[in-house]
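An overview of the molecular structure
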Amino acid sequence: MADARLVADRIQEIAAPILWSLGLELVDVVCVGQGSRAVVRVFIDKPGGVTLKDCERAHVMLGPALDVADPFPHAYTLEVSSPGLDRPLKRIQDYRRSQGKRVSLKLRQPLNGQWRVVGDLIEVEDEAVTVARTDMDPPQKLRLPLESVVEGRLVVEF
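Residues numbered from 1 in each chain as written. Predicted model: local features only at pLDDT ≥ 70, side-chain atom pairs only at ≥ 80, totals over all residues. Heavy atoms only, no water.

Take the nonpolar core next. Among the nonpolar cores identified, the biggest contains 24 residues, and Leu19, Val40 and Val42 are the most heavily contacted of them. Residue assignment for this core shows that the elements contributing at least two residues are α1 (4–21), β1 (25–32), β2 (39–45), α2 (52–69) and β3 (77–81). Among the elements that make up this core, the one with the highest residue count is α1 (seven residues). Setting aside residues up to four positions removed in sequence, Leu19 forms contacts with Leu24, Leu26, Val42, Ile44, Ala58 and Leu62. Membership of the second largest hydrophobic core comes to 15 residues, among which are Leu89, Val124, Val129 and Leu146. (Core = buried A, V, L, I, M, F, W, Y, C linked by side-chain atoms within 4.5 Å. Buried < 20%, exposed > 50% of the residue type's maximum accessible area, 1.4 Å probe, protein only. Helix = DSSP H or I, 4+ residues; strand = E, 2+ residues; numbered from the N terminus. Contact = heavy atoms within 4.5 Å.)

Written as structure tokens, this is what we have:
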């Protein structure tokens, strides 16, 4: 999709206040496909998790607003959903919401030969996170600048 990031940014500008009025948080917007196969995926969240009813309400409110704003020159499919259990951590708010949970952080450069750090997210600052690695003996706390993290995800544990 041409200029997918620009379109996603425009959709975020439109969607965020609408979702906020519904008590929901906009997590991400992803645009995939081209032409009549274009899909706009809007990921939402709220404290305690998102229900199917939340997704339905958001879809009903976003559809007409996006039709008026007309971010595409063609038809597209709008999908609204939760970001999932293993959601990516992209913004500082995502890390703050995940404090106390187990995370997996992929690094830009290896740290002690490791490209990935897995542990409990115990502290979140504006520009760094601290992870407790309980898989080490003795357990270690690592403070990592966010600029050194390529990708962060929640670890799903059953």
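Moving on: the sheet that holds β3. Read across the sheet, three strands follow the order β1-β2-β3 without closing on themselves; strand pairing throughout is mixed. The outermost strands of the open sheet, each flanked by one partner alone, are β1 and β3. Geometrically, the sheet is characterised by an average inter-axis angle of 15° between neighbouring strands, direction not taken into account. Here β1 runs beside β2; their pairing, made up of seven bridges, is antiparallel. (Pairing = 2+ DSSP bridges. Axes fitted to C-alpha atoms, helices over the stretch in contact; angles between N-to-C directions.)

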